[in-house]
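Descriptive structure summary
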Amino acid sequence: MPLIKDNQIVEDSWITLEDAASLPQDAWPIVSLERWRAERENLMEAGVPIGLRLRSDQSPRLVADELEHFAVIALEFPKFTDGRPYSSARLLRDRYGFKGELRAVGHVLRDQALFLVRCGFDAFELTEDVSLEAWRAALGNITVRFQAAADGRSTVSRLRRQPARPSKPRAPSRHKDGDYCAACWAY
Amino acid sequence: MYRYDEFDRTFVEERVEQFREQVARRLSGEIGEDEFRPLRLMNGLYLQLHAYMLRVAVPYGTLSSQQMRKLAHIARRYDQGYGHFTTRQNIQYNWVKLKEAPDILADLAEVEMHAIQTSGNCIRNVTADHFAGAAADEIEDPRIAAEVVRQWSSLHPEFSFLPRKFKVAVTGAPNDRAAVKVHDIGLQIVRDARGRTGFKVIVGGGLGRTPIIGATIREFLPKRHLLSYLEAILRVYNELGRRDNIYKARIKILVKDLGAEAFARKVEEEWSSLKDQAVDLPDGELRRIESYFAPPAFENLPAVTSGFEAKRFEDRDFARWAQRNVDAHRAPGYAIVTVSLKPEGGVPGDATAEQMEAVADLAAHYSFDEIRVSHEQNLVLPHVRQSDLYAVWQGLVAADLATANVGLISDIIACPGLDYCNLANTRSIPIAQRIGRRFAEIERQHDIGGLKLKISGCINACGHHHIGHIGLLGVDKKGEEFYQITLGGSADENAALGRILGPAFSAETVVDAVETIVDTYVDQRRAAEGFNDTLARIGLDPFKEKLYAPH
């Protein structure tokens with residue numbers, strides 16, 4: 001299934017490592033919390049970037065002091081109606097200032113796109129085989145934000161307070177090639 | 001009333017188009033029912049026994065006459081000519097076609113309405129006191145906070161997939177007409193020692209299989225911190241609420257399992273990190289929303305209108321109606337009119353398109369264009385001059401909406417039951433209709449006095465039976481409908497859960513049982529003693545003796 005990052009379908013340079021599997025040669029590992037707990041020193045000595053995968057019942061509060069070791073944190077949706085990873089993402093971004101990649105994995109559908117981006121996710125392993133266009137459309141179909149969230153976008157209540165109020169809510173910015181940009185969504 | 005600006009309008013229009021695209025994917029077979037289900041539920045669309053049902057949000061129960069006319073139009077064009085007002089101040093259409101649902105939403109958007117978050121495991125449409133802005137006992141209009149919460153909760157990115165549904169109710173008066181103690185979060189506007197207004201925060205109330213009266217976790221929350229505090233509560237719930245068992249997933253179970261004090265500590269801890277971030281509204285935004293709820297331009301009138309008093313002497317039917325269906329207004333010379341949707345033998349909460357239009361006309365002429373939906377499934381004209389009451393009453397009589405039974409035994413709350421709902425075990429509506437007919441004589445009802453009877457067709461308790469003075473719960477016994485009776489519940493500031501009386505009654509005998517209970521109460525009461533007071537004094541035994549004595 002496609003990995004979407006920066007609004008492009010990209011090659012995945014990471015591999016989700018089974019707990020018993022040995023470290024891969026040709027990719028960087030994403031390990032479970034259990035394996036991180038058991039082999040922390042070994043993994044750090046391997047000298048490669050480390051990713052951490054958290055199940056939806058594993059709060060990032062458990063690793064709040066260790067975040068500097070992770071280049072990627074993958075938050076798992078066992079089914080798309082399990083909303084815990086949204087809170088995990090906001091804690092990681094807003095409270096702990098995690099700057100690495102925040103990846104949505106598991107049961108991930110285009111209909112979650114806006115919620116995911118707004119909570120601070122920036123990489124998406126989609127369950128369905130969705131075209132990039134459909135993903136971008138899903139991301140763009142609601143432009144009004146009522147709540148402050150991890151994407152830092154202006155909320156309606158702030159836009160209302162601006163002296164020179166735009167007549168329409170701001171459209172997502174485009175780069176010169178005409179593509180929407182995930183980074184702009186996260187400004 | 002709140003009016004949309006371009007942001008609110010854009011949001012609702014975009015949501016309509018988003019849903020249209022989701023429906024198209026479902027109709028084309030691109031997605032299956034499993035994936036479509038949570039999407040349609042986010043837009044209030046249920047699949048019931050016979051058809052799709054669309055639940056339209058009436059935020060905090062406030063409607064303009066234009067909006068009510070649109071609801072009538074939808075009833076006529078897309079349904080079978082009627083709609084059903086619910087205990088959550090919403091309206092449901094029971095005969096909707098999937099392919100037309102996006103068109104209905106587009107029609108609603110034209111009058112600043114939607115069906116967003118009227119179902120699904122998200123923050124549901126916010127409810128408030130149906131007498132808001134009119135009640136004589138009000139500290140502050142609860143609709144301001146309700147509107148703030150409505151906007152904040154709309155497609156909240158973090159809280160759209162909660163363990164279970166989440167209901168918030170707000171009251172601005174000490175006499176609680178919004179049942180705040182049986183909601184996931186109840187907000188009650190209070191004054192602190194310095195006279196400033198804020199919220200008492202009540203969490204973890206609810207009905208359903210595990211009825212619980214909510215616990216106060218904060219006595220006073222300054223108004224400006226409302227959203228950050230709600231965000232803290234919701235985050236604790238989203239992270240820790242149970243997801244392994246649908247029947248234990250509501251916040252009430254989490255609060256009960258942790259204990260209210262421990263839960264409150266978690267919320268306060270979370271809030272300490274949230275309250276200085278950007279979650280709360282910026283200065284000015286609260287004032288902007290407040291300004292929409294400024295009182296209408298009431299005339300300076302004498303407190304007592306002689307013409308009104310004279311009509312009460314002349315016309316017995318009007319007098320009876322005025323006694324039950326008219327309440328005190330905060331402005332001298334005005335009154336609050338409750339329009340009963342409980343005619344004898346009718347379906348509680350149903351209104352035809354013509355009736356909706358009649359109420360819209362009366363609101364436009366006599367009530368500053370405002371209508372309310374009450375959680376007791378009636379409509380309200382909140383701002384009527386006393387001198388216009390007779391004309392309003394005549395208008396209601398003409399529309400068959402003048403039943404003088406508000407708060408009486410036939411003012412029944414009932415869920416849709418097995419006539420519509422695929423969760424129900426038993427029917428509710430026919431029982432309500434039979435009770436209504438049994439007590440049809442209006443003099444008798446007035447003699448019995450205030451009595452709240454509530455019927456649920458299954459343990460999910462949509463008919464609020466736990467908090468009725470008399471509650472009926474439908475249970476299935478080997479394929480037959482039975483009704484368990486509880487006594488002594490209450491939804492107001494003295495919220496209480498009813499106690500089970502004894503073995504359930506069959507559908508044939510349950511109306512007799514209700515009559516026996518009522519007769520026993522009337523026999524035993526002292527002077528004008530209310531039902532729950534009599535019950536507290538004499539206990540369940542006298543009722544049991546009458547009901548279960550060997551004949």
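Residues numbered from 1 in each chain as written. Chains lettered and ligands numbered in written order. Predicted model: local features only at pLDDT ≥ 70, side-chain atom pairs only at ≥ 80, totals over all residues. Heavy atoms only, no water.

So, about the interface of chain A and chain B. Chain A puts 39 residues into the contact, and the matching count from chain B is 47 residues. Both sides of the chain A and chain B interface together cover about 3,900 Å² of buried area, and 54% of this is carbon and sulfur. Considering only the surface of chain A that becomes buried against chain B, Phe115(A), Phe146(A) and Arg160(A) emerge as the three largest contributors, covering 17% of it. For the pair chain A and chain B, the interface holds 13 salt bridges. When the shortest N-O distance is used, the salt bridge between Glu285(B) and Arg161(A) registers 2.6 Å. (Contact = heavy atoms within 4.5 Å. Buried area = accessible area lost by both parts, 1.4 Å probe. Salt bridge = Lys/Arg side-chain N within 4 Å of Asp/Glu carboxyl O.)

Here we come to helix α2 (residues 33-41) of chain B. Taken as a whole, α2(B) has its buried residues at Phe36(B), Pro38(B), Leu39(B), Arg40(B) and Leu41(B). Buried-residue contacts for α2(B) involve α1 (6-27), β1 (45-47) and β2 (52-56) of chain B. (Buried < 20%, exposed > 50% of the residue type's maximum accessible area, 1.4 Å probe, protein only. Helix = DSSP H or I, 4+ residues; strand = E, 2+ residues; numbered from the N terminus.)

Residues and elements named next belong to chain B. By the assigned domains, chain B splits into domain 1 (6-110), domain 2 (134-290), domain 3 (306-398) and domain 4 (413-548). The C-alpha centroid of domain 4 is placed 27 Å from the C-alpha centroid of domain 3. Taken residue by residue, the interface counts 13 residues in domain 3 and 15 residues in domain 4. Summed over both partners, the interface of domain 3 with domain 4 comes to about 1,200 Å²; 56% of that surface belongs to carbon and sulfur atoms. (Domains from an automatic or database assignment.)

Attention shifts here to empty space enclosed by the protein. Residue and element names in this part refer to chain B. By the definition in use, this model includes nine cavities of 30 Å³ or more. As for the largest cavity, its lining consists of 14 residues, of which Pro59, Tyr60, Thr62, Gln67 and Glu112 are closest to the centre. At the level of elements, β3 (62-64) and α5 (143-153) are the ones that each hand at least two residues to the lining of the largest cavity. Classifying every residue of the lining of the largest cavity gives eight nonpolar, three polar and three charged. (1 Å grid on protein atoms, 1.4 Å probe; cavity = no way out; pocket = protein on both sides within 12 Å on 5 of 7 lines; lining within 4 Å. Points joined across faces, edges and corners; volume = space filled by probe spheres on them. Nonpolar A, V, L, I, M, F, W, Y, C, P; charged D, E, K, R; others polar.)

A word on the state of the cysteines. For the structure on display, the rule yields zero disulfides over all chains. Looking at the unpaired Cys421(B), the closest cysteine sulfur is the one in Cys458(B), lying at 6.2 Å. (Disulfide = S-S within 2.5 Å.)

Right, let's get into the packing of helix α2 (residues 84-95) of chain A against helix α6 (residues 226-240) of chain B. The description of two packed helices rests on the angle between their axes and on the distance between the axes. It is at 8 Å that the axes of α2(A) and α6(B) come closest, and there the two elements cross at 125°. When the axis of α2(A) is compared with that of α6(B), the two are oblique. Our pair here, α2(A) against α6(B), has a crossing hand that is left-handed. Along the contact surface, α2(A) presents Arg84(A), Ser87(A), Arg90(A), Leu91(A) and Arg95(A), while α6(B) presents Glu231(B), Arg235(B), Asn238(B) and Glu239(B). A per-class count over the contact of α2(A) with α6(B) returns one nonpolar, two polar and six charged. (Axes fitted to C-alpha atoms, helices over the stretch in contact; angles between N-to-C directions. Parallel < 35°, antiparallel > 145°, perpendicular 65-115°, else oblique. Left-handed = near helix turned anticlockwise from the far one by under 90°.)

Before going further, it helps to examine the layout of surface pockets. Residue and element names in this part refer to chain B. Computed from the structure, the second largest pocket encloses a volume of approximately 860 Å³. If you trace the second largest pocket, you find 35 residues lining it, with Asp176, Arg177, Glu376, Lys452 and Asp492 closest to the centre. Across the lining of the second largest pocket, the residue classes break down as 10 nonpolar, 14 polar and 11 charged.

Tallying each qualifying case throughout the model produces 28 aromatic pairs over all chains. Judged by centre distance (5.8 Å) and plane angle (80°), the rings of Phe115(A) and Phe161(B) are edge-to-face. Of this pair, Phe115(A) sits in helix α3 (residues 113-119) while Phe161(B) is found in the loop between α5 and β7 (168-171), placing the two residues in two different chains. Taken as a pair, Phe115(A) and Phe161(B) share a single burial class, namely buried. Taken together through their ring pairs, the aromatic side chains of Phe77(A), Phe80(A), Tyr86(A), Phe115(A), Phe121(A) and Phe161(B) make up a single cluster. When the ring centre of Tyr247(B) is taken as origin, the NZ or CZ atom of Arg209(B), which lies over that ring, is 3.6 Å away. Sitting above the plane of the Tyr390(B) ring, Lys311(B) keeps its charged end 4.4 Å from the centroid. (Phe/Tyr/Trp six-rings, centres within 6.5 Å; stacked < 30°, edge-to-face > 60°. Lys NZ or Arg CZ within 6 Å of the ring centre and 35° of its normal.)

All names here are of chain B. Considering all chains together, one arrives at 73 salt bridges over all chains under this definition. In this structure, Arg218 and Glu268 form a salt bridge, with 2.8 Å as the shortest nitrogen-oxygen distance. Note that Arg218 is positioned in strand β10 (residues 215-222) and Glu268 in helix α8 (residues 260-274), a separation of 50 residues in sequence. On the accessibility criterion, Glu268 (26% relative accessible area) is partly exposed. Between Arg320 and Asp317 there is a salt bridge, with its nearest N and O atoms 3.4 Å apart. On the criterion of helical spacing, the pair formed by Arg320 and Asp317 is a turn pair, its members being three residues apart in helix α11 (residues 316-325).

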